[in-house]
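So the chains spell out like this:
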Amino acid sequence: MTTAHEQSRNRLVIGNWKMHGNLADNAKLLAALRPAVSTTQIAVCVPFPYLAQASEALKGSSISWGAQDISVQKQGAFTGEVSGSMLKDFGSTWVLVGHSERRSMHAETDQLVADKAQAALVAGLIPVVCVGESLAERDAGQAIAVIERQLAPVLAQGAESVNKLVVAYEPVWAIGTGRTASPEQAQEVHAAIRAALQAIGAGNVQILYGGSVKASNAASLFSMPDIDGALVGGAALVADEFLAIAA
Ligand code: PEP
């Protein structure tokens, strides 16, 4: 069965709020985003405590929302964890898995990230699987090998699963640093990811670029053939800038 999400490479821009925000600031940001009308699909991934606020503020708008992590467990004695069904309770569509900050600060392995992607799919969420190399890995000529290693357990889940997710290529050296990959550098990796997806029959999966995306560099990145949109950190906290990226 093909869902509406599968097999479409529509432009997609997702904001990752990380651990930013409070009720008052979020209310202003969400109110500014709410009226957006765009051919680009726009979404925000907010901290867990603000999912209820996002769902209230965005209900009925064209903007969807989600979370930044998910437990591989369904329920039980897992203190501090949040399950996919809890995210669904608040109307979430998306969940980030394997963001580099979770891989590096919480020792998330490639297999755990793949298991989180599977848990999201089981819950009816769309996982955004984040991959990316460090600067040392890039300098050693290992960028594509690292990304292929990170993706391998995800691709092992097969085309039926993979066709329902989104991949985000986020070079670690470009996240929050103000240093963006050039469109050509990003395209080279996106093409390699596309080839790996194609090899298992999932060539139309959306591949987002992330890493210091701003209104001023979005158009040149989006002009590349295998870049389908962006995962945006810092600039997602400023409504005008975020909407300008989507525009
Ligand atoms: C991110 O956190 O996913 C990200 C891309 O951050 P920034 O846009 O701030 O580099």
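None of the values given here were measured: they were computed from a predicted structure. Each residue is numbered by its place in its chain's sequence as written, counting from 1. Per-residue local features of the predicted model are confined to residues with pLDDT of at least 70, and side-chain atom pairs are confined, for both listing and counting, to 80 or more; whole-chain, interface and lining totals are unaffected and use all residues. The side-chain numbers reported here are obtained from all heavy atoms of the structure, hydrogens and water having been left aside.

Colleague: Would you mind showing me how to read the packing of helix 7 (residues 143-155) against helix 9 (residues 183-199) here?
Modeller: Each pair of packed helices gets described by two things: the angle between the helix axes and the distance between those axes. One can describe the packing of helix 7 onto helix 9 by two numbers: an axis separation of 11 Å at closest approach and a directional angle of 30°. For the element pair helix 7 / helix 9, the angle class is roughly parallel. Pair helix 7 / helix 9 crosses with right-handed handedness. Listed contacts from helix 9 to Ile144, Ile147, Leu151 and Leu155 of helix 7 are Glu188, Val189, Ala192, Ile193, Ala196 and Leu197. In terms of residue class, the contact of helix 7 with helix 9 is built from nine nonpolar, no polar and one charged. Helix axes are fitted to C-alpha atoms over the stretch in contact, other axes to C-alpha atoms as well, and angles between N-to-C directions run from 0 to 180 degrees. Secondary structure elements follow DSSP: runs of H or I no shorter than four residues count as helices, runs of E no shorter than two count as strands, and numbering proceeds from the N terminus. Comment on the angle field: the value is read as roughly parallel under 35 degrees, roughly antiparallel over 145, roughly perpendicular from 65 to 115, and oblique elsewhere. By definition, turning the near helix anticlockwise from the far helix through less than a right angle yields a left-handed crossing, and turning it clockwise yields a right-handed one. We call two residues in contact when some of their heavy atoms are within 4.5 Å. Each residue is assigned to one class: nonpolar for Ala, Val, Leu, Ile, Met, Phe, Trp, Tyr, Cys and Pro, charged for Asp, Glu, Lys and Arg, and polar for all the others, Gly among them.

Colleague: Would you explain the site of the ligand in this entry?
Modeller: Taken together, 14 residues form the shell around the ligand, and within it Lys18, Glu170, Gly176, Ser212 and Gly233 come nearest. Note that an oxygen atom of the ligand is positioned 2.6 Å from one of the backbone N or O atoms of Gly176. Identification of polar contacts relies on pairs of N or O atoms within 3.5 Å, with a donor-acceptor requirement for protein atoms, meaning one able to donate a hydrogen and the other able to accept it, and with residues adjacent in sequence counted only if both atoms are side-chain atoms. Within the backbone of Gly234, a nitrogen or oxygen atom sits 2.9 Å from an oxygen atom of the ligand. The Shrake-Rupley method, run with a 1.4 Å probe sphere, supplies the accessible areas, and residue values consider only the shown protein chains as cover. Here the ligand, which alone exposes 290 Å², has 95% of that area covered by the protein. When the residues that make up the shell around the ligand are grouped by side-chain class, the tally is four nonpolar, eight polar and two charged. We call a residue near a molecule or strand when any one of its heavy atoms sits within 4 Å of it.

Colleague: Looking at this structure, I do not really get the environment of Leu243. What am I missing?
Modeller: If you trace the backbone, Leu243 turns up in helix 11 (residues 239-246). Between the C-alpha atoms of Leu243 and Ser216, which are 27 residues apart in sequence, the distance is 12 Å. Apart from the residues within four sequence positions on either side, Leu243 is in contact with Ala32, Leu33, Ala36 and Ile42.

Colleague: When you look at the pairing of strand 5 (residues 126-131) in this model, what are you seeing that I'm missing?
Modeller: Moving residue by residue along a regular strand, the side chains alternate between the two faces of the sheet. Three exposure classes are used, based on accessible area relative to the maximum for each residue type with a 1.4 Å probe and protein chains only: buried under 20%, partly exposed in between, and exposed over 50%. Taken across its six residues, strand 5 has six buried, putting it largely inside the fold. A strand pair is defined by DSSP finding two or more bridges across the two strands. Where strand 5 lies against strand 6 (residues 166-169), four bridges are found, and the strand directions are parallel. Note that in strand 6 the partner of Cys130 across the bridge is Ala168.

Colleague: Looking at this model, I keep getting lost on the packing of helix 10 (residues 215-222) against helix 11. Mind explaining?
Modeller: Interaxial distance between helix 10 and helix 11 falls to 8 Å at its minimum, and their mutual angle equals 15°. Judged by the angle between their axes, helix 10 and helix 11 are roughly parallel. In the packing of helix 10 onto helix 11, the handedness of the crossing is right-handed. Contacts from Ala215, Ala218 and Phe222 of helix 10 reach helix 11 at Glu241, Ala244 and Ile245. Its residues assigned to classes, the contact of helix 10 with helix 11 shows five nonpolar, no polar and one charged.

Colleague: How should the pattern of salt bridges be read in this particular structure?
Modeller: Here, a salt bridge means any Lys or Arg side-chain nitrogen found within 4 Å of an Asp or Glu carboxyl oxygen. Summed over all chains, the structure comprises twelve salt bridges. One salt bridge in this structure joins Glu56 and Lys59, with 3.0 Å as the shortest N-O distance. When its relative accessible area of 55% is taken as the criterion, Glu56 is described as exposed. Residue Glu108 is joined to Lys116 by a salt bridge in which the shortest nitrogen-to-oxygen separation is 2.7 Å. What emerges from the salt-bridge pattern is a single network uniting Arg9, Arg194, Asp226 and Asp228.

Colleague: In this structure, what is going on with the nonpolar core? I would like to understand it.
Modeller: It is characteristic of soluble globular proteins that their nonpolar side chains tend to be buried jointly. We define the nonpolar core as a collection of buried residues of types Ala, Val, Leu, Ile, Met, Phe, Trp, Tyr and Cys that are connected through side-chain atoms lying within 4.5 Å of one another. Val44, Ile193, Tyr209 and Val232 are the most contacted members of the largest nonpolar core, which totals 62 residues. Ranked by residues supplied to this core, first place goes to helix 5 (residues 110-122) with five residues. Grouped together as the second largest cluster of nonpolar side chains are 13 residues, Leu12, Cys45, Ala168 and Leu208 included.

Colleague: I would appreciate a short explanation of helix 5 in the present structure.
Modeller: Along an α-helix, residues three or four apart share an orientation, since each turn contains 3.6 residues. How far a helix is expected to stretch is found by multiplying one less than its residue total by 1.5 Å. Look at helix 5: 19 Å from first C-alpha to last across 13 residues, which is about the 18 Å you get at 1.5 Å a residue. The elements touched by buried residues of helix 5 are strand 4 (94-97), helix 4 (100-105), strand 5, helix 7 and helix 8 (159-162). Two residues or fewer after helix 5 comes Gly124, characterised by a positive phi angle close to 85°.

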